[in-house]
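Below, each chain spelled out in residue letters.
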Amino acid sequence: MKETSEKLTRRHFVKLSSGVVAVSSMAFGGWGVTELLVDEGPVDSWHKSACRFCGTGCGVMLGKKAGKIVRVRGDKEAHNRGVICVKGSMLAEVSQLEGRATTPKIRVNGQLKAASWDEAMALVAEKFSESIKTNGPDSVAFYGSGQLLTEESYTANKLFKAGIGTNNVDGNPRLCMASAAVGYAQTFGKDEPAGAYDDLDHATCFFIIGSNTYESHPPLWERIMIRKKSNPNVKIIVVDPRKTETAQRADMYLPVVPGTDLMLLNAMAQVIVAKGLYDPGFIEEHVNFNDGGNTVSWEDYVAFLQDYAPEKVASELGLTPTQIEEAAFLFGASKATMSLWTMGINQRVQGVFLNNCISSLHLITAQICRPGATPLSLTGQSNACGGVRDTGSLAHILPGGRLVKKPEHRREMEKIWGVPEGTIAPKPGYDAVNLFRAMGEEKVKACLVMCTNPAQSLPNASRYREAMEKCFLVMADIFEDTETAQYADVILPAAFYIEKTGVYGQTERRYQLIEKLVDPPGEARSDLDILVDLAERLGHGDFISSKTPKDVWDEWRKVSAHSVYNFEGITYERLEKERGLQWPCPTEDHPGTVRRYSTGDPFVQEGRKVQFYGKPDNKAVVFLRPYIPSKEKTTEAYPLYLTTGRVIDQWHTGTMTDKVSELNTSSGRGRFFINPQDAFEANLNNGDEIEVESRYGKMVGKVEISENESPGVIFASFFDPKFLVNAVVSDQYDPVSKEPDYKVTAVSIKRHQPTAL
Ligand SMILES: Nc1nc2c(c(=O)[nH]1)N[C@H]1C(S)=C(S)[C@@H](COP(=O)(O)OP(=O)(O)OC[C@H]3O[C@@H](n4cnc5c(=O)[nH]c(N)nc54)[C@H](O)[C@@H]3O)O[C@H]1N2
Ligand SMILES: Nc1nc2c(c(=O)[nH]1)N[C@H]1C(S)=C(S)[C@@H](COP(=O)(O)OP(=O)(O)OC[C@H]3O[C@@H](n4cnc5c(=O)[nH]c(N)nc54)[C@H](O)[C@@H]3O)O[C@H]1N2
Ligand code: SF4
Ligand SMILES: [Mo]
């Protein structure tokens, strides 16, 4: 192994292969290839960490030399068993990128000018205090991120909700996980999944819907491939309007029309019921039925499903009745079915209903709470679960699965935080989209934006860019050349993740420790230090009494013990040694919990195999959820669907990945992917420019013709700031989760005629 690795360095390898090839070779070369990719000579020391990017939460080993991170390899002892993807393999380069923000800046007469921390923070505190005094606490806000450390989100949430007294705490997880969080909470009584990655090794049927696992969670895809290799009878079903890298490798590919797949889920349930593939004993013991208002009977559910019989809905779905029947049979009859989904489901106007319906399929078939049988929503960002969902750092929730609107939950948190009754406002704050709308209406006058780039990532971009101009916007970022920087009144230079300490929590309730390995550049500070400084300047210094990462974590551990999210036993000391721990984990000698709601979970009563203890009667809920067509259905004026998403080599708005030459070379620039038939009809060739128009705006971009797009659907990614696809993306959102629908926008296209000068 050593000899080969010296011949082929990681940089060479990634250069030789495109991002996709690098990962697919890893996928079939097994873990050796990742090892081969890394051995480039000695380092001073190796350190255990986790990748900062996605919710796969890969364990990595970081090699340090002369005060810098110079190497990275997958941690073989971690849950990802040494496998990492092409983005993770570039963490050393990312940690050394040029152009970091190194000093605070204040906008003076339209220009950003360098300032001291004291000047910048004094200005921020003055503007926030002034607004709170004149217009009340709801005139200020925090807009955070699933990439902040848990200690940071927890502190911001506590400061704003129980210090300042506003529930205006939201962030990019609203754009990402809100539908999953609400879906789980409605169905099981509490957020966060029952299952774990371990289930990937046991499933015999994978139902992958609205997830491009191959590109978005590559090591999990590799694990599915390994499972299939070990048992060729394992079946993979993929539901996606685009023939993605994931869909190309499926046993059964269902190319649904964008925005229609709630009908598919109901149709599968109808077949499962009609063919007797359900489990009456499990249903009797563990399931209630509900029509969205009241408990109803099994008979009501069966009657409701009749409208979704395959022959009634297949043509609108773009499928055949036989395909639906086959999918239902594979799902129901398999020994263990695991569903995986991400943004093709969550980012939808019916995102919550879709989440409900996926869980329902598992509940009626008893495909849950057994190894390999589980509905597992894959998380997007490294710390959306641990940092934001668990700590309750969204506008409608409080820590540990509590809800702002429930008086008893507010009282509990007020008691735990030691603040007078009534401190936490009874009204949920603004969710992401409405927060930016409120800026436009000058209801929110000052906002701290931390670790996210809304000017590029929000839908209907021009509307919210205009809104940001009306607000006193403070931005904490590691770079000062982001799109959001154009709208910032103050820029605070932030430390990158390995320049600070804290905990990440990924998809499967696993917490992992990130330790500070290098100093931040210039005067950059950790986001926690920035929040503590703000708290002190706003007069909440005594209340925000935990000021170091470890102190905050210890406080948060103790808070968690007052809920079924209990992880009091997960200390920094344990995390330093172990490869992450999964909660619930109530005591320091508890091993953590792989599968929730079943034997082994400390909250399940002795002798019970399954207990959905999130609900008072210990039963989960199957909801009767009707299909409501999106307002973005195509029309004569807007005859095509635009859908947006990810490519393997880039991370979101590209601030970290687009500066790495290997990654931007393999991704290319932002462009529209279009099916050959649509290209032919519009008389387009590769590289031609088109104007894409929706009800929200228009933009010009190049096209690439691709067999993988379905006729009638064009696709684009959003990493390229010069190709602002969000200028045309709809800002319709799910009425309950308030998560915007980035996946379905009706558009028209025409060849772009550049205007002569
Ligand atoms: N390489 C890379 N990986 C990432 C990220 C990244 O930026 N880059 N970001 C991370 C984050 S934060 C997230 S949220 C995840 C997202 O991970 P994914 O959800 O896997 O990624 P997307 O590409 O946004 O969307 C997934 C798929 O949904 C499909 N889709 C669109 N409309 C519909 C529909 O109506 N029905 C169905 N069934 N499918 C539809 C799209 O065609 C697309 O293939 O990825 C994480 N991992
Ligand atoms: N069209 C379209 N738009 C989408 C989506 C889609 O599918 N389609 N998906 C949505 C989803 S799921 C998501 S999650 C969002 C993501 O949207 P964003 O959160 O806006 O995108 P990122 O590029 O991840 O932004 C992270 C920012 O934090 C900075 N940063 C990195 N590390 C640190 C740190 O430690 N501290 C601080 N203070 N800053 C740091 C980075 O430089 C970057 O500017 O995009 C959403 N937008
Ligand atoms: S899969 Fe996600 S967590 Fe793992 S290395 Fe890639 S980006 Fe990092
Ligand atoms: Mo996301």
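Fair warning: this is a prediction, and the values are worked out from it, not measured in the lab.

Participant: Help me understand the packing of aromatic side chains, please; the structure alone is not making it clear to me.
Facilitator: Considering all chains together, one arrives at 30 aromatic pairs under this definition. When the ring of Tyr-184 is compared with that of Phe-188, the centres are 6.2 Å apart and the planes differ by 45°; the resulting orientation is tilted. Residue Tyr-184 and its partner Phe-188 are both found in helix H8 (residues 178-188); the two are separated by 4 residues, about one turn of the helix. Residue classification places Tyr-184 among the buried residues on the basis of a relative accessible area of 2%.

Participant: Hey, could you run me through the domain arrangement of the protein in this one?
Facilitator: One frequent convention defines the size of an interface as the accessible area lost when the parts assemble. Assigned domains of the protein: these are domain 1 (10-95), domain 2 (125-171 + 383-506 + 517-560), domain 3 (178-377) and domain 4 (640-751). The straight-line distance from the C-alpha centre of domain 3 to that of domain 4 is 27 Å. Residue-level contacts link 25 residues of domain 3 with 22 residues of domain 4. Of the roughly 1,900 Å² buried between domain 3 and domain 4, counting both surfaces, carbon and sulfur atoms make up 55%. Our count for the contact surface shared by domain 3 and domain 4 stands at 1 salt bridge. Among the salt bridges present, the one from Arg-242 reaches Glu-709, with a minimum N-O distance of 3.0 Å. In this structure, the connection of domain 3 to domain 4 is made through 13 residue pairs in polar contact (both at pLDDT 80 or more).

Participant: Just checking my understanding: could you explain the sheet that holds strand E18 (residues 472-477) for this structure?
Facilitator: Two orientations exist for strands paired in a sheet by backbone hydrogen bonds: parallel and antiparallel. With mixed pairing, 7 strands are arranged side by side in an open sheet as E5-E4-E19-E18-E17-E6-E7. Every interior strand has two partners, whereas the edge strands, strand E5 (111-114) and strand E7 (169-171), have only one. Pairwise comparison of adjacent strand axes, ignoring direction, gives a mean angle of 20° for this sheet. Bridge count between strand E4 (residues 105-108) and strand E19 (residues 490-493): 2 bridges; the pairing is antiparallel. Note on E19: the bridge partner recorded for Lys-105 is Ile-491. In this fold helix H6 (residues 117-135) packs onto E4, strand E6 (140-144), strand E17 (446-450), E18 and E19, with an angle of close to 130° to the strand it touches most, E19. Against the sheet, helix H24 (residues 527-537) makes contact with E6, E17, E18 and E19, and its axis sits at roughly 160° relative to E17, the strand it touches most.

Participant: Before we go on, may I ask you to explain the packing of helix H7 (residues 150-164) against H24 in this structure?
Facilitator: Two quantities define a packed helix pair, namely the angle between the helix axes and the distance between the axes. The N-to-C vectors of H7 and H24 enclose an angle of 20°; their axes lie 9 Å apart at closest approach. Considering their axes alone, H7 and H24 lie roughly parallel with respect to each other. In terms of crossing hand, the pair formed by H7 and H24 is left-handed. From H7, Glu-151, Glu-152, Thr-155, Ala-156 and Leu-159 reach across to H24, where they touch Asp-527, Leu-528, Leu-531, Leu-534 and Ala-535.

Participant: Explanation requested: the sheet that holds strand E1 (residues 45-50) in the structure shown.
Facilitator: Taken in spatial order, the 3 strands make up an open sheet running E1-E2-E3, and their pairing is antiparallel. Two strands lie at the open edges of the sheet, namely E1 and strand E3 (68-74), each paired on one side alone. Across the sheet, the mean angle separating the axes of adjacent strands is 30° when strand polarity is ignored. Two elements, E1 and strand E2 (residues 59-65), share 6 bridges in a ladder whose sense is antiparallel. Following the sheet pairing, Lys-48 is matched in E2 by Met-61.

Participant: I keep staring at the site of ligand 2 and nothing clicks. Help me out?
Facilitator: Close contacts around ligand 2 come from 33 residues, with Asn-172, Ser-457, Asp-477, Asp-527 and Thr-653 the closest. Asn-726 places a polar side-chain atom, nitrogen or oxygen, 2.8 Å from a nitrogen atom of ligand 2. Out of a free accessible area of 910 Å², ligand 2 has 100% covered by protein chains. Put simply, the parts of the chain that give the shell around ligand 2 at least two residues each are E18 and strand E24 (640-645). Residue composition of the shell around ligand 2, by class: 13 nonpolar, 14 polar and 6 charged. Viewed by domain, the shell around ligand 2 spans two of them, domain 2 (125-171 + 383-506 + 517-560) and domain 4 (640-751), each represented by three or more residues.

Participant: What is the right way to read the pairing of strand E9 (residues 235-239) from this model?
Facilitator: Along any regular strand the residues' side chains alternate between the sheet's two faces. E9 sits mainly inside the fold: 4 of its 5 residues count as buried. In this sheet, E9 lies alongside strand E8 (residues 205-209) in parallel orientation, the contact comprising 5 bridges. Bridging across to E9, Phe-207 finds its partner in Ile-237. Where E9 and strand E10 (residues 252-254) come together, 3 bridges link them in parallel fashion. Each bridged residue has a counterpart across the sheet, and for Val-239 the counterpart in E10 is Leu-254.

Participant: What's the story with the environment of Leu-97 in this structure? I'm lost.
Facilitator: Along the polypeptide, Leu-97 turns up in the loop between helix H5 (91-95) and E4. According to the relative accessible area criterion, Leu-97 is buried, its value standing at 14%. With residues up to four places along the chain from it excluded, the contact list for Leu-97 reads Phe-479, Met-656, Lys-659 and Val-660.

Participant: Which parts of the structure should I look at to understand the pattern of salt bridges?
Facilitator: Tallied over the full model, the rule gives 43 salt bridges. Among the ionic pairs, Arg-437 bridges to Asp-731, the shortest N-O distance being 3.2 Å. Highlighted residues: Arg-437 in helix H21 (residues 432-440) and Asp-731 in the loop between strand E28 (713-717) and strand E29 (745-751), separated in sequence by 294 residues. Among the residues examined, Arg-437 registers a relative accessible area of 18% and is labelled buried. Each of Asp-118, Arg-525, Asp-533 and Arg-537 takes part in one network of salt bridges that share partners.

Participant: Please explain the layout of surface pockets as it appears in this structure.
Facilitator: A water-sized probe, rolled over the atoms, reveals where empty space remains. Reported here for the largest pocket is a volume of approximately 850 Å³. Around the largest pocket sit 36 residues that line it, and Val-182, His-396, Ile-397, Leu-403 and Lys-405 are the ones nearest its centre. Every element with two or more residues in the lining of the largest pocket is listed here: H8 and strand E15 (397-398). For the lining of the largest pocket, the residue count by class is 12 nonpolar, 13 polar and 11 charged.

Participant: Explain the pairing of E4 here, please?
Facilitator: Pairing between E4 and E5: 4 bridges, direction antiparallel. Within the sheet, the bridge partner assigned to Val-108 lies in E5 and is Gln-111. The turn joining E4 and E5, which pair antiparallel and follow one another in sequence, is formed by 2 residues; a positive phi near 50° is taken by Asn-109.

Participant: Would you mind showing me how to read the packing of H21 against helix H23 (residues 461-469) here?
Facilitator: Their axes nearest at 7 Å, the elements H21 and H23 cross at an angle of 55°. Here H21 lies oblique to H23, going by the angle between them. Taken as a pair, H21 and H23 cross one another with a handedness that is left-handed. Residue-level contacts link Val-433, Phe-436, Arg-437, Met-439 and Gly-440 of H21 to Arg-463, Tyr-464, Ala-467 and Met-468 of H23. Along the lines of polarity and charge, the residues of the contact of H21 with H23 split into 6 nonpolar, 1 polar and 2 charged.

Reading the values: the criteria
- Residues numbered from 1 in each chain as written.
- Chains lettered and ligands numbered in written order.
- Predicted model: local features only at pLDDT ≥ 70, side-chain atom pairs only at ≥ 80, totals over all residues.
- Heavy atoms only, no water.
- Phe/Tyr/Trp six-rings, centres within 6.5 Å; stacked < 30°, edge-to-face > 60°.
- Helix = DSSP H or I, 4+ residues; strand = E, 2+ residues; numbered from the N terminus.
- Buried < 20%, exposed > 50% of the residue type's maximum accessible area, 1.4 Å probe, protein only.
- Domains from an automatic or database assignment.
- Contact = heavy atoms within 4.5 Å.
- Buried area = accessible area lost by both parts, 1.4 Å probe.
- Salt bridge = Lys/Arg side-chain N within 4 Å of Asp/Glu carboxyl O.
- Polar contact = N/O pair within 3.5 Å; in protein donor to acceptor, adjacent residues only side chain to side chain.
- Pairing = 2+ DSSP bridges.
- Axes fitted to C-alpha atoms, helices over the stretch in contact; angles between N-to-C directions.
- Parallel < 35°, antiparallel > 145°, perpendicular 65-115°, else oblique.
- Left-handed = near helix turned anticlockwise from the far one by under 90°.
- Near = heavy atom within 4 Å.
- Areas by Shrake-Rupley, 256 points an atom, 1.4 Å probe, with all protein chains shown as cover.
- Nonpolar A, V, L, I, M, F, W, Y, C, P; charged D, E, K, R; others polar.
- 1 Å grid on protein atoms, 1.4 Å probe; cavity = no way out; pocket = protein on both sides within 12 Å on 5 of 7 lines; lining within 4 Å.
- Points joined across faces, edges and corners; volume = space filled by probe spheres on them.

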